[in-house]
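Breakdown of the fold
Residues per chain are reported as follows:
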Amino acid sequence: MKMTMRWFGEGNDRVSLEDIKQIPGVEGVVWSLHDVPAGEEWPMDKIKEVEAQADKHGFNIDVVESVNVHEDIKLGLPTRDQYIDNYIKTIEKLAKVGVKVICYNFMPVFDWTRTNLFEEMDDGSTALFFEKEKIENIDPIELVNSISENSAYTMPGWEPERLEHLADLFEQYKDVTEEDLWANLQYFLERIIPVAKENDIKMGIHPDDPPFSVFGLPRIITNKENLQRFLNLVDDPYNGLTLCSGSLGANPNNNVPDMVREFADRVHFAHIRNVKIYENGDFIETSHRTKDGSVDIYDVVRAYHEKGFNGYARPDHGRHIWGEECRPGYGLYDRGLGVMYLWGIWDSLERYEGKDNV
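Residues numbered from 1 in each chain as written. Predicted model: local features only at pLDDT ≥ 70, side-chain atom pairs only at ≥ 80, totals over all residues. Heavy atoms only, no water.

1. Considerations on the overall build of the protein chain
- The helix and strand tally for the protein chain stands at 14 helices and 12 strands.
- In summary, the protein chain has a C-alpha radius of gyration of 19 Å against a globular reference of 21 Å for 358 residues, a match within 12%.
- Along the longest, intermediate and shortest principal axes, the C-alpha atoms of the protein chain span 60 × 45 × 40 Å.
- Burial statistics for the protein chain: of 358 residues in total, 59% are counted as buried.
- Taking the contacts inside the protein chain whose residues are at least 6 apart along the sequence as the reference set, 75% of them involve residues at least 24 apart.
- Of the accessible surface of the protein chain, which amounts to about 15100 Å², a share of 44% is contributed by carbon and sulfur atoms.
- Across the protein chain, the centroid of the 38 positively charged side chains sits 5 Å from that of the 65 negatively charged ones. (Helix = DSSP H or I, 4+ residues; strand = E, 2+ residues; numbered from the N terminus. Rg over C-alpha atoms; globule rule 2.2 N^0.38 Å. Buried < 20%, exposed > 50% of the residue type's maximum accessible area, 1.4 Å probe, protein only. Contact = heavy atoms within 4.5 Å. Areas by Shrake-Rupley, 256 points an atom, 1.4 Å probe, with all protein chains shown as cover. Lys, Arg positive; Asp, Glu negative; His and termini not counted. Charge placed at Lys NZ, Arg CZ, Asp CG, Glu CD.)

And the structure:
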């Protein structure tokens, strides 16, 4: 398991590379060019700038999260080919700096959906929260305004240039079915996977977050059956998964350790985090510890270990603890604790099987 940490770049993240360097076992930073709108070709000078920043601290930049997919591609509009061409050019540029994995998603309109970015927990910490009843009764515009109040940072998946056309986007998606979305995804994959393979970059699709329809929009990367269907669209090792235990785990019917064991050879990037699901359908993000949430994180890590997983992993969203002021879900402290919890499980499994050198 190759441990990484998501980093949003200088001037866009309170967590510095110096901070990340002090977390044991972190080899690389997971990055993106967050100021480049979806659909545009990434400039090589900006890519090289991130490479230089990471190299200064001894980090690899093997994983990019995300090269966002333009809505016209998801909608299957005639203009999609120009945006796919730009995507292909970006893949080719990223290969030149040694990128090995690109994480992306195919969620219509919203990347991830929460109703409160700082829900207070019993211990005084705060975390990202999803309130099912509120989502069912809130106007999407109202939700956007609430999320956008945190204007100090870019919010991946909630880019202003996209959301300012929210009404038009909902109108465009009005008659788009799940089958339409599947067809548009296959078209995209058939264009990019040969290029990714040629450039030795593995593509890892991120599950829908949460893994069910929100505001009536179609969602398809939601469960084990659909993960298998996705992999079959273009049955190639370079077409794979970013398996997120928290996103998939928000549906109690999803058995995440089972998915790891089933698809490990096609998991190119592992997001490992926990969520606590309530009986009414609400969920909140918790510490990574198994007993604090509804996902068996111990068994998730054990499944990766059983399969000899040597891909990239990162602790995903953390709580906001110890008074830290940070990007929602992406503070230093709780993600640092998450790294050590994951290493604790991994190292104990190594010791049990006699694979360590101690």
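Having seen the structure, we can now continue with the description.
2. Here we look at the pairing of strand 1 (residues 2-6)
- Of all 5 residues in strand 1, 4 are buried, a share of seventy percent or more.
- Bridge count for strand 1 against strand 12 (residues 312-315) is 2 bridges, and the pairing is parallel. When the bridges of strand 12 are listed, Met-3 appears paired with Ala-313.
- Relative to strand 2 (residues 26-30), strand 1 runs parallel, the two sharing 4 bridges. Within strand 2, the residue paired with Thr-4 across the bridge is Gly-28. (Pairing = 2+ DSSP bridges.)

3. Some remarks on the packing of helix 9 (residues 178-198) against helix 10 (residues 224-233)
- Interaxial distance between helix 9 and helix 10 falls to 10 Å at its minimum, and their mutual angle equals 40 degrees. One finds that helix 9 runs oblique with respect to helix 10. Seen from above, helix 9 lies across helix 10 with right-handed handedness. Counted together, Glu-179, Trp-182, Leu-185, Gln-186 and Leu-189 of helix 9 and Asn-226, Arg-229, Phe-230 and Leu-233 of helix 10 form the full contact between these two elements.
- Along the lines of polarity and charge, the residues of the contact of helix 9 with helix 10 split into 5 nonpolar, 2 polar and 2 charged. (Axes fitted to C-alpha atoms, helices over the stretch in contact; angles between N-to-C directions. Parallel < 35°, antiparallel > 145°, perpendicular 65-115°, else oblique. Left-handed = near helix turned anticlockwise from the far one by under 90°. Nonpolar A, V, L, I, M, F, W, Y, C, P; charged D, E, K, R; others polar.)

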